[in-house]
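Chain residues, written in single-letter form:
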Amino acid sequence: MMNITKENTVAEIVSKKLGSDHVFSKYKIDFCCGGGVTLENACKEIGIEFNVLKQEIEALNSKISGEHDLNDLDISSLIDQISEEYHNYIEENLPQIMPIAAKVAQVHGGHAKEVVEINTLLQAVEVVLVEMLKNTETTLFPTIESVLELNNKFDEISIAQIGGIRKAINKTEIAQQLVSDTFKEISNLSTHYAVPADGCNSFRFLYEKLHELDHQLQKYVHFNKHVFFPKVLKLIA
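Residues numbered from 1 in each chain as written. Predicted model: local features only at pLDDT ≥ 70, side-chain atom pairs only at ≥ 80, totals over all residues. Heavy atoms only, no water.

K.L.:
Sorry, what's going on with the overall build of the protein here?
P.N.:
Within the protein one finds eight helices and zero strands. Along its sequence from the N terminus, the protein presents helices and strands in the succession α-α-α-α-α-α-α-α. The C-alpha radius of gyration of the protein comes to 19 Å, within 12% of the 18 Å expected for a compact globule of 237 residues. Projected onto its principal axes, the C-alpha positions of the protein cover 65 × 40 × 30 Å. Here the protein holds 237 residues, and the buried ones make up 48% of them. Contacts spanning at least 24 positions in sequence make up 77% of the contacts within the protein whose residues lie at least 6 apart. Total accessible area computed for the protein in this model is approximately 12,000 Å², and 52% of it derives from carbon and sulfur atoms. The centroid of the 22 positive side-chain charges in the protein is displaced by 3 Å from the centroid of its 34 negative side-chain charges. (Helix = DSSP H or I, 4+ residues; strand = E, 2+ residues; numbered from the N terminus. Rg over C-alpha atoms; globule rule 2.2 N^0.38 Å. Buried < 20%, exposed > 50% of the residue type's maximum accessible area, 1.4 Å probe, protein only. Contact = heavy atoms within 4.5 Å. Areas by Shrake-Rupley, 256 points an atom, 1.4 Å probe, with all protein chains shown as cover. Lys, Arg positive; Asp, Glu negative; His and termini not counted. Charge placed at Lys NZ, Arg CZ, Asp CG, Glu CD.)

K.L.:
What am I meant to see in the side chain of T143 here?
P.N.:
Take T143: it is sitting in helix 6 (residues 113-148). Setting aside residues no more than four positions away along its own chain, T143 makes contact with Q161 and I165.

K.L.:
Quick question: what am I supposed to make of the packing of helix 6 against helix 8 (residues 201-235) here?
P.N.:
Helix-helix packing is described using two parameters, namely the angle between the two axes and the distance between the axes. Running from amino to carboxyl end, helix 6 crosses helix 8 at an angle of 30 degrees, the nearest separation of the two axes being 12 Å. Classified by the angle their axes make, helix 6 and helix 8 are roughly parallel. Here the hand of the crossing between helix 6 and helix 8 comes out left-handed. Its residues assigned to classes, the contact of helix 6 with helix 8 comprises 20 nonpolar, one polar and one charged. (Axes fitted to C-alpha atoms, helices over the stretch in contact; angles between N-to-C directions. Parallel < 35°, antiparallel > 145°, perpendicular 65-115°, else oblique. Left-handed = near helix turned anticlockwise from the far one by under 90°. Nonpolar A, V, L, I, M, F, W, Y, C, P; charged D, E, K, R; others polar.)

K.L.:
What's the story with the pattern of salt bridges in this structure? I'm lost.
P.N.:
Two side chains carrying opposite charge are able to pair once their charged atoms lie near each other. Applying the stated criterion across every chain yields a total of five salt bridges. A salt bridge links E85 to K219, with the shortest nitrogen-to-oxygen separation between them at 3.6 Å. Of this pair, E85 sits in helix 5 (residues 75-108) while K219 sits in helix 8; the two residues are 134 residues apart in sequence, bridging distant segments of the chain. On the basis of relative accessible area, E85 is assigned to the partly exposed category, the value being 28%. The closest approach of N and O atoms between K209 and E212, which form a salt bridge, is 3.2 Å. Here K209 and its partner E212 are both found in helix 8, three residues apart, which amounts to about one turn of the helix. (Salt bridge = Lys/Arg side-chain N within 4 Å of Asp/Glu carboxyl O.)

K.L.:
Explain a negative patch on the surface to me, please; I cannot follow it from the model alone.
P.N.:
A cluster of like negative charges, contributed by D74, D80, E84, E145 and E149, occupies part of the molecular surface. Take D80: it is sitting in helix 5. (Patch = residues over 30% accessible without salt bridge, like charges linked within 9 Å, V, L, I, M, F, W, Y side chains within 5 Å.)

K.L.:
Would you mind showing me how to read the environment of L150 here?
P.N.:
Position of L150 relative to the elements: it lies in the loop between helix 6 and helix 7 (159-189). Under the relative-accessibility criterion, L150 is labelled buried at 19%. Once the C-alpha coordinates of L150 and V14 are considered, the two residues, 136 residues apart in sequence, prove to be 32 Å apart. Excluding residues that lie within four positions of it along the chain, L150 makes contacts with E156, I157 and Q161.

K.L.:
Whenever I open this one, the nonpolar core confuses me. Can you help?
P.N.:
Generally speaking, nonpolar side chains in soluble globular proteins are found buried as a group. Judged by nonpolar contacts, the single largest core of 52 residues is most densely connected at L122, L140, F183, L210 and F228. Only helix 5, helix 6, helix 7 and helix 8 provide two or more residues apiece to this core. The contacts of F183, once residues within four sequence positions are left out, are L122, V125, Y193, L210, L213, D214 and L217. Formed by 16 residues, the second largest nonpolar core is a distinct cluster that contains I4, C43, I48 and I57. (Core = buried A, V, L, I, M, F, W, Y, C linked by side-chain atoms within 4.5 Å.)

Dropping the structure here:
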């Protein structure tokens, strides 16, 4: 069982403590692209005592049965988890969100200018997400699987395979940074997804789904950056 210390990075805790992502989201601590910061520095930045954060993480983690260390999974299992937990979620929920965002922008944009900006940002980020998933499913995963079929015989891994994996990872990292930056802007525009007092059901549904999507995307980026990509790059190093 992992003991949480001030020297641990946010990314390390998310990888080893189930439920910690929800605590970090509560305090608006970036655990995907900004996951390399230590807990000590993260606490200082938001003005919270380390022990308070630690206790919340441990309390939530204790409610979840069993310790789950993502780093213990092999690459094939990680690929399955990415497809089933993240890609399926994005593919199912993004088409639900887009028309609602357009509707809310059209109906409420006159007095709530932020929803017009949010809709514009969503239209742009949808293109990035669709292309990112396509790159991962049609290029990165098949190339990785072709290397795994070699039974880890390094001398059989071709330069083309290594180059293909590195290129696909680089493209995904660029896309992930763009997605993360876009959702930070959406979060700020929506005052962290706070529904206005006079917000209709569509308004409420949109902000709830955006909040949920934002959280899932942060988990997805963390998973890739701190668990999946390092393990894949180690395979071809």
